[in-house]
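For reference, the chains in residue letters:
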Amino acid sequence: MSAKDARDEPEIPLLPPLSESSGICGGPGQMSCVEANELIQFYVDNFIDADATARIAEHLGDCPPCELEMVVYKRIIASLERCRPHVPEDTAQRLQRFCEDLRAGRAQYTVED
Amino acid sequence: MPSNGTGNPDGERGVAADVSLAVAPPAPHLDDADPDLDPSADDPTVGDDPVVGDDVPPPASSIQEGETGDDVFNRLVLPEVDVMWRVALSLTRNRADAEDLVQESLLRAYRAIDTFDGRYPRAWLLTILRNTERNRHRRRRPELLREPEIAEERVPATEPDAVERRAEDAEFDAAVTAALEQLPENFRSVVELVDVDGLTYQEAADVLEVPLGTVMSRLHRARRRIRDMLVPAGFGPGAPHDHGPDDSGSEGGGATGTSGAGGGRGGSARGVVVEDESR
């Protein structure tokens, strides 16, 4: 992926009006399921402000399907984190030795052409 | 570069560093031409007297008085080697190449250590890593066709604590890993950098050289697709109830209430980036 590709990506409007929501939740003044679904990953990433957090938390408390969505995302993220690879011992030793060589002025790196 | 306040005090996934401040270091000793790196910078010297340029405001530097280049390297670079290796593995998808990439990046970092102001060492090192990888691409393209080994690297069962994990988790992890491997490269790399490797959105944006909004958009779509792939594997909640248009090419941060998360770097959280490779 290059920066050029990113620039080529057009922007379009995101959401249909909330009135198109068929959400079963979201009474007057409450968050709809559509809105909650848009926010849910920001919520699990702790990336929304306090007001939005409070509103979605209220929705999740009242809406088991959306709460299940949130739980699934949390499980996925936790699972991905468990996949985090550990530096293999031999690699760690070689990198440590390389750093020692750097400091001792012994490191050599041959650029391959 | 605007402020990147995120309203996210713990910053776990927030914008941790103004990475545009991380200047690519010079690599004056390398034999190959390196147009991405600043050729005008001085040849860094490592000695007892660290030279901090006049253009570096002292209050912003974390370099301590009397610290040598080696001291700075030990204090700020060495703790990041593990992160560098994980990111290198995500970029190269091959153990041997990842180790090679980390070594070359460490060499460049060491040679440039006296030009480093000490702020945001991870962002600085990831910038070096990214530029180094780009140059490796240029001169070693045939080797990129090498078969990726990454799937083996990331099999969760190889984790030391795997035996203690519940079988249910192991099955779930296997399904998630399989789903991850099926994602298109652009989506998979974002998930790997953020959720697997533990980078912030901003760090991932810098490594991938895409706007922050693109990282969030891809990350959310990718997770959504992983979620969808878990359903036939026997996990997940099935079809979400009346959840509008999320995966139909209009995902992303259109949500009201996102607290300036986009930071304005090439698009806010609301700036929807449509990607045509979605299916």
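Residues numbered from 1 in each chain as written. Chains lettered and ligands numbered in written order. Predicted model: local features only at pLDDT ≥ 70, side-chain atom pairs only at ≥ 80, totals over all residues. Heavy atoms only, no water.

Asks: In this structure, what is going on with the overall build of chain A? I would like to understand it.
Replies: Scanning chain A for helices and strands turns up five helices and zero strands. Put simply, chain A runs from its N terminus to its C terminus through helices and strands in the order α-α-α-α-α. Scored against the burial criterion, the 113 residues of chain A give a buried share of 41%. Pairs at least 24 residues apart make up 39% of the contacts formed inside chain A by residues separated by at least 6 positions. Per element, the accessible surface of chain A, about 6,000 Å² overall, is 49% carbon and sulfur. (Helix = DSSP H or I, 4+ residues; strand = E, 2+ residues; numbered from the N terminus. Buried < 20%, exposed > 50% of the residue type's maximum accessible area, 1.4 Å probe, protein only. Contact = heavy atoms within 4.5 Å. Areas by Shrake-Rupley, 256 points an atom, 1.4 Å probe, with all protein chains shown as cover.)

Asks: Would you take a moment to explain the confidence of the model for chain A for this structure?
Replies: Caution applies to low-pLDDT regions: their predicted coordinates should not be interpreted in detail. Across chain A, pLDDT averages 77, with 69% of residues at or above 70. Note on residues 1-23 of chain A: pLDDT under 50 across the span, and 43 contacts to partners over four residues away in sequence or across chains. (pLDDT = per-residue confidence, 0-100.)

Asks: Got a minute to help me understand the environment of B:Ala88 in this structure?
Replies: Residue and element names in this part refer to chain B. Within the fold, Ala88 resides in helix H2 (residues 81-92). Residue classification places Ala88 among the buried positions, given a relative accessible area of 0%. Distance from Ala88 to Asp100, taken between C-alpha atoms, is 9.0 Å for residues twelve residues apart in sequence.

Asks: How should I be thinking about the packing of helix H5 (residues 89-103) of chain A against helix H1 (residues 69-77) of chain B in this particular structure?
Replies: Packed helices, taken two at a time, are described by their axes: the angle between them and the distance between them. Closest axis-to-axis distance for the H5(A)/H1(B) pair is 11 Å, and the angle between their directions is 165 degrees. By the angle class used here, H5(A) and H1(B) are roughly antiparallel. Here H5(A) and H1(B) pass one another in a crossing that is right-handed. Where H5(A) abuts H1(B), its residues A:Cys99, A:Leu102 and A:Arg103 lie against B:Asp70, B:Phe73 and B:Asn74. When its residues are assigned to classes, the contact of H5(A) with H1(B) shows three nonpolar, one polar and two charged. (Axes fitted to C-alpha atoms, helices over the stretch in contact; angles between N-to-C directions. Parallel < 35°, antiparallel > 145°, perpendicular 65-115°, else oblique. Left-handed = near helix turned anticlockwise from the far one by under 90°. Nonpolar A, V, L, I, M, F, W, Y, C, P; charged D, E, K, R; others polar.)

Asks: Would you explain the pattern of salt bridges in this entry?
Replies: When the charged atoms of two side chains with opposite charge come close together, those side chains can pair. Counting across every chain of the model gives 24 salt bridges over all chains. The partner of A:Asp45 in a salt bridge is B:Arg223, with the nearest N and O atoms 3.0 Å apart. Residue A:Asp45 is located in the loop between helix H2 (33-44) and helix H3 (50-62), and its partner B:Arg223 is located in helix H9 (residues 212-230); the two belong to separate chains. The two residues A:Asp45 and B:Arg223 agree in class, both being buried. One continuous salt-bridge network, built from bridges that share partners, spans B:Arg93, B:Glu181, B:Glu185, B:Arg188 and B:Glu192. (Salt bridge = Lys/Arg side-chain N within 4 Å of Asp/Glu carboxyl O.)

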